[in-house]
Amino acid sequence: QVQLVESGGGLVQAGGSLRLSCLASGRTFGSHAMGWFRQAPGKDREFVASIGWSVTNIYYADSVKGRCTISRDNAKNTVYLQMNSLKPEDTAVYYCAATLSGYGPRNTAAYDYWGQGTQVTVSS
């Protein structure tokens, strides 16, 4: 069982930055691929970024590529999402997720554990 707790969301002006964190419980964090997803009101949950248990596998959605960086610190059981040059369309609830399946899949169905989400609001 893995429990995930996100933090770092908030209100920021367009062009600003935020760093999201996701703290995982359990001893098997290093064996899990981790993903960040987001869900805006009235829209489906969508993939943002993922990182495999080995940091050689990192993937980004086209909408955030070049503006976001995912990283992990296995010693701290934490995965991060650094978001720069934020846009109003980045406004959403951001969720982290964990899976033992694969190297960082993009589909929500592949993930076994989810956090409660953290709100990111970007004002124009």
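Visitor: Pulling in residues and values, what's your account of the overall build of the protein chain?
Guide: Summing up its helical and strand segments, the protein chain has zero helices and eleven strands in all. Order of helices (α) and strands (β) in the protein chain, N terminus to C terminus: β-β-β-β-β-β-β-β-β-β-β. Relative to the compact-globule value of 14 Å for 124 residues, the protein chain shows a C-alpha radius of gyration of 13 Å, a close match. Along the first, second and third principal axes, the C-alpha set of the protein chain runs to 40 × 25 × 25 Å. For the protein chain, the proportion of contacts with a sequence separation of at least 24, taken over those separated by at least 6, is 60%. Approximately 6,200 Å² of the protein chain is accessible, and the part contributed by carbon and sulfur atoms is 48%.

Cut-offs used in this document
- Positions within a chain are numbered from 1, following the residues in the order the chain's sequence is written.
- Only residues with pLDDT of 70 or above have their local features reported here, since the model is predicted, and side-chain atom pairs are shown and tallied only from 80 upward, although totals for entire chains, interfaces and linings are computed over all residues.
- The basis for the side-chain values is all heavy atoms of the structure; hydrogens and waters are excluded.
- Segments assigned H or I by DSSP are reported as helices when at least four residues long, segments assigned E as strands when at least two residues long, and all are numbered from the N terminus.
- Between the two quantities, the radius of gyration covers C-alpha atoms and the globule rule is 2.2 Å times the number of residues to the power 0.38.
- Every residue pair with non-hydrogen atoms within 4.5 Å of one another is taken to be in contact.
- Exposure was quantified through the Shrake-Rupley algorithm and a 1.4 Å probe, taking into account, for residues, occlusion by the shown protein chains and nothing else.

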